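Residue-level structural notes
Single-letter residue listing:
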Amino acid sequence: MAVPSQAIAPTDAELLKAQGDLWRHSLYYLTSMAFKCAVELHIPTAIHNLGGSTTLPDLVTALSLPKTKLPFLGRLMRLLVTSGIFASDGSNGDGAEAIYRLNPLSWLLVDGVESEDHTYQKYYVLATCSRHYVEASLSLADWFRKDLPEPVPSPFEYLHGVPLVHESTKLLDEELDRIVEEGVAAHDNLAIGTIIRECSDVFSGLHSLTYCCGRQGNASAKAIMRAFPDIKCIVLNLPRVVETSTPVAVPADDAVTNVTGDLFHTIPPAQAVMLKLVLHFWSDDDCVKILEQCRKAIPSREEGGKVIIIEILLGPYMDPVMYEAQLLKDMLMMVNTKGRQRSEDDWREIFTKAGFSGYKIAKKIGARGIIEVYP
């Protein structure tokens, strides 16, 4: 017998607020598209080149846009300022009197900045706002209704016929494949300086480190070696398709030894193995298999052996905006991959299944957790 529903009788004020919330949630995609437009027009770089602040007429001139587009650009900038993507002094309207400035978010989208803490994020925005990503998210309801065989493909793979971040992605669209690779690399390298400064105890005393990255990990490895020159670092560049079980040496960097290999079969031995933003692409079972190989590659805990994991640590331990960002990242993984973002309880279960004796969350930095896992 059905349980009677509890009657909801909103007040007039609640109904009006609910309508505003409905507008926001239905139209959030327009903020993403406005953001993508600003990146494609190179607005952050233009503001930077104009000295860090600009008026709307000067911005139109710098971007070589038709003068007739000035009021429309003002409306775009008004939304992006309100959304926290740019800063503004003066008028909150769309008039020419407003002064537009960069903030920390838009600073990450300035091309050509030479700074250890600056990682150009253009391609991350272009990838996540791409047609293929959006189409996959639009297919969610159909994907939920389908009784698909295990392992269940992601909505992206179900719709497009190929998985994302995979050798076959370029068969779908070579430009998408390039943008995704560039975007993931930029995302992964962001904040490595902060991690080194805030978590020096994690790296101090190590004599060797195998850094398992998905792609283009030398920038982060070099940063670690500059801060800790006594560490001998091997970068394991992961092939997109797991086919071989023996790492193949590739030409060495001046400071970093590079190898390509297979996380599921062999990892170059070292005192510590570091996995930075890798495991969220994989299912729980695959994470266990990867971590079992990591455990084989390191010495005992008494000899200083450990696995260093840097991943989003899902949970409302920060402000609601950051928690929402974490949940959106989890949805991104659900729509486009077979992986997910994980809470501390999720990680504890995986570590136990992989045969580790314990772990410690060394630090929480932003949405990320730096976790030391012991054999």
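Residues numbered from 1 in each chain as written. Predicted model: local features only at pLDDT ≥ 70, side-chain atom pairs only at ≥ 80, totals over all residues. Heavy atoms only, no water.

As named in an unreviewed UniProt entry, the protein chain is O-methyltransferase 2, taken from Urochloa decumbens. According to the UniProt record, the Sequence similarities (unreviewed entry) comment for the protein chain reads "Belongs to the class I-like SAM-binding methyltransferase superfamily. Cation-independent O-methyltransferase family. COMT subfamily." (UniProt positions renumbered as here; feature names shortened; annotations may be inferred.)

Enumeration over the complete set of coordinates arrives at 3 cavities of 30 Å³ or more. Computed from the structure, the largest cavity encloses a volume of approximately 180 Å³. Lining the largest cavity are 18 residues, with Tyr124, Tyr133, Val184, Phe281 and Leu332 sitting closest to its centre. Broken down by secondary-structure element, the contributors of at least two residues to the lining of the largest cavity are helix 6 (122-128), helix 11 (174-189) and helix 16 (320-336). Among the elements that take part in the lining of the largest cavity, helix 11 stands out by supplying 5 residues, more than any other. Considering only residue class, the lining of the largest cavity consists of 10 nonpolar, 6 polar and 2 charged. (1 Å grid on protein atoms, 1.4 Å probe; cavity = no way out; pocket = protein on both sides within 12 Å on 5 of 7 lines; lining within 4 Å. Points joined across faces, edges and corners; volume = space filled by probe spheres on them. Helix = DSSP H or I, 4+ residues; strand = E, 2+ residues; numbered from the N terminus. Nonpolar A, V, L, I, M, F, W, Y, C, P; charged D, E, K, R; others polar.)

Okay, the sheet that holds strand 2 (residues 87-89) next. Pairing within the open sheet is antiparallel, and its 3 strands lie in the order 1-3-2. Every interior strand has two partners, whereas the edge strands, strand 1 (53-55) and strand 2, have only one. Going from strand to strand, the sheet's axes swing by 30 degrees on average, the running direction of each strand aside. Pairing geometry for strand 2 and strand 3 (residues 99-101), over 3 bridges, is antiparallel. In the sheet register, alanine 87 faces strand 3, and the bridge partner there is arginine 101. (Pairing = 2+ DSSP bridges. Axes fitted to C-alpha atoms, helices over the stretch in contact; angles between N-to-C directions.)

With that settled, the discussion passes to the nonpolar core. By size, the foremost hydrophobic cluster in this structure holds 43 residues, and its most contacted members are Ile43, Leu73, Met77 and Phe86. The contact partners of methionine 77, leaving out residues within four places of it in the chain, are Ile43, Ile47, Leu56, Leu59, Phe86 and Tyr100. The next biggest cluster of nonpolar side chains, apart from the first, holds 28 residues, and it includes Cys212, Phe264, Cys294 and Ile350. (Core = buried A, V, L, I, M, F, W, Y, C linked by side-chain atoms within 4.5 Å. Buried < 20%, exposed > 50% of the residue type's maximum accessible area, 1.4 Å probe, protein only. Contact = heavy atoms within 4.5 Å.)

By secondary structure assignment, the location of asparagine 189 is in helix 11. Of the residues examined, asparagine 189 reaches a relative accessible area of 13% and is grouped as buried. Within the structure, the side chain of asparagine 189 is placed 2.7 Å from the side chain of serine 220, a separation counted as a polar contact. (Polar contact = N/O pair within 3.5 Å; in protein donor to acceptor, adjacent residues only side chain to side chain.)

This next bit is on helix 11. The end-to-end C-alpha separation of helix 11 is 23 Å, in line with the 22 Å expected for 16 residues at 1.5 Å each. In terms of burial, helix 11 is largely enclosed, as 12 of its 16 residues are buried. Within the span of helix 11, buried status applies to Leu176, Asp177, Ile179, Val180, Glu181, Gly183, Val184, Ala185, Ala186, His187, Asp188 and Asn189. Among the residues of helix 11, the N-terminal cap falls to aspartate 173, whose side-chain oxygen and the backbone nitrogen of glutamate 175 are separated by 2.9 Å. (Expected span 1.5 Å × (residues − 1).)

You can see glycine 183 is positioned in helix 11. On the basis of relative accessible area, glycine 183 is assigned to the buried category, the value being 2%. Distance in space between the C-alpha atoms of glycine 183 and glutamine 121 is 6.7 Å, their sequence separation being 62 residues. If we ignore the near neighbours within four places in the chain, the residues touching glycine 183 are Tyr123 and Tyr124.

Bringing the confidence of the model for the protein chain into the picture now. Atomic detail in the predicted coordinates should be set aside for any region of low pLDDT. For the protein chain, mean pLDDT is 89; residues scoring 70 or higher make up 90% of the total. Within the protein chain, strand 6 (residues 248-249) has the poorest average pLDDT of any element, 40, and helix 2 (residues 43-49) the best, 98. The low-confidence segment residues 241-253 (pLDDT under 50) makes 26 contacts with residues lying over four places distant or belonging to another chain. (pLDDT = per-residue confidence, 0-100.)

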